[in-house]
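Read off the chains here:
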Amino acid sequence: MNIQRFEFNMLPVNTFLIWDDTREAVLIDAGCYTAREQQTLARFVEDYRLQLRHVVNTHLHFDHIFGNAFVYRHWGLRPQANVRDEFLLAQAETHCRMFGLELNEPTVSLGGYLEQGDILSFGHSHLEVLAVPGHSPGGLAFYCPEASRVFSGDSLFRGSYGRTDLPGGDYDSLMENIKARLLTLPEDTIVYPGHGNSTTIGREKSWLIHP
């Protein structure tokens, strides 16, 4: 599996492109805010001759969806996410202003819903959808067992976990789901979070389970 990480917008957010030898690809958390960032993404897809099959969001906080409208205009793909986060789309502009930002363009509606156990297929590969609510009501992670990789969004970071003081956040739910859905993965699984550097399940398990 090939993985390209982009750090987009001022927060910044990790946007991931993943593809296999067929060049079919999945885009996770399109955070591109400016026209320059949008063109960086488009050029990479075109230069590597990738075919986007899925555009997905780990959750729908504003910083992770800045690029969804551009992706829809450019490739005709609407994002997929969990239905319990859908209310956040209507609140994106308000939440942006709470952080001193302006929404770059109107949000685009979802093109499909993802739930625990769903499978996203692309080329010869697939991602398993894991439900990890708590940072947001519909938080998801995407796991590729063949490559031992998981894209955790803002649920689990290197040495930390997602905040739960935003609308719909729930600390107890987040801790329960991290332990049930993420820390049960093989310890050598590489974790790609929504912000910051990668880590492994084993590293995070060592302090979350045995602090």
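The text that follows walks through the structure, step by step, so that each part is easy to find. (Residues numbered from 1 in each chain as written. Predicted model: local features only at pLDDT ≥ 70, side-chain atom pairs only at ≥ 80, totals over all residues. Heavy atoms only, no water.)

For the rest of this paragraph, the subject is the pattern of salt bridges. Considering all chains together, one arrives at nine salt bridges under this definition. The partner of Glu-105 in a salt bridge is Arg-73, with the nearest N and O atoms 2.5 Å apart. Note that Glu-105 is positioned in the loop between α3 (87-98) and β6 (112-113) and Arg-73 in helix α2 (residues 68-75), a separation of 32 residues in sequence. Accessibility expressed as a relative area gives 52% for Arg-73, which makes it exposed. Between Arg-203 and Glu-204 there is a salt bridge, and its shortest N-O distance comes to 3.2 Å. Residue class for Arg-203 comes out partly exposed when judged on its relative accessible area of 37%. (Salt bridge = Lys/Arg side-chain N within 4 Å of Asp/Glu carboxyl O. Helix = DSSP H or I, 4+ residues; strand = E, 2+ residues; numbered from the N terminus. Buried < 20%, exposed > 50% of the residue type's maximum accessible area, 1.4 Å probe, protein only.)

A few words on the pairing of strand β3 (residues 24-28). With five of five residues buried, β3 lies mostly within the body of the structure. The side-chain alternation of β3 yields two buried faces, one formed by Glu-24, Val-26 and Ile-28 and the other by Ala-25 and Leu-27. As judged from the four bridges shared by strand β2 (residues 13-19) and β3, these two strands associate in the antiparallel manner. Counterpart to Phe-16 in the pairing with β3 is Ile-28. In sequence, β2 turns back onto β3 through a hairpin of four residues, with Arg-23 there showing a positive phi of about 70 degrees. Sheet analysis places β3 next to strand β4 (residues 51-56), joined by five bridges and oriented parallel. The residue bridging Val-26 from the neighbouring strand is His-54, located in β4. Once the chain exits β3 it traverses helix α1 (residues 35-47) before rejoining the sheet at β4, and the crossover so formed is right-handed. (Pairing = 2+ DSSP bridges. Right-handed = clockwise from strand over helix to strand, strands pointing away.)

Under the counting rule described, the total for this entry stands at 14 aromatic pairs. Taken together, a centroid distance of 4.6 Å and an interplanar angle of 75 degrees make the contact between Tyr-33 and Phe-66 edge-to-face. Here Tyr-33, found in the loop between β3 and α1, pairs with Phe-66, found in the loop between β4 and α2; they are 33 residues apart in sequence, far enough to count as distant. Both residues of the pair, Tyr-33 and Phe-66, count as buried. A network of ring pairs unites the aromatic residues Phe-6, Phe-8, Trp-19, Phe-44 and Tyr-48 as a single cluster. In this structure, Arg-78 is placed above the aromatic ring of Tyr-72, and the distance from its NZ or CZ to the ring centre is 4.1 Å. (Phe/Tyr/Trp six-rings, centres within 6.5 Å; stacked < 30°, edge-to-face > 60°. Lys NZ or Arg CZ within 6 Å of the ring centre and 35° of its normal.)

Right, let's talk about the side chain of His-95 for a bit. Structurally, His-95 can be placed in helix α3. Each residue touching His-95, except ones within four places of it in the same chain, is listed here: Phe-62, Leu-88 and Pro-167. (Contact = heavy atoms within 4.5 Å.)

Looking now at the nonpolar core. Within the largest apolar cluster, 17 residues are counted, with the highest numbers of intra-cluster contacts made by Leu-17, Leu-27, Leu-41, Leu-50 and Val-71. Of all elements in the fold, only β1 (2-8), β2, β3, α1, β4 and α2 reach the threshold of two or more residues within this core. Ranked by residues supplied to this core, first place goes to α1 with four residues. When near neighbours in sequence (up to four residues on either side) are disregarded, Val-71 contacts Leu-27, Ala-30, Leu-41, Val-55, Gly-76 and Leu-77. If you look at the next biggest cluster of nonpolar residues, it comprises 16 residues, including Phe-16, Leu-127, Leu-140 and Phe-142. (Core = buried A, V, L, I, M, F, W, Y, C linked by side-chain atoms within 4.5 Å.)

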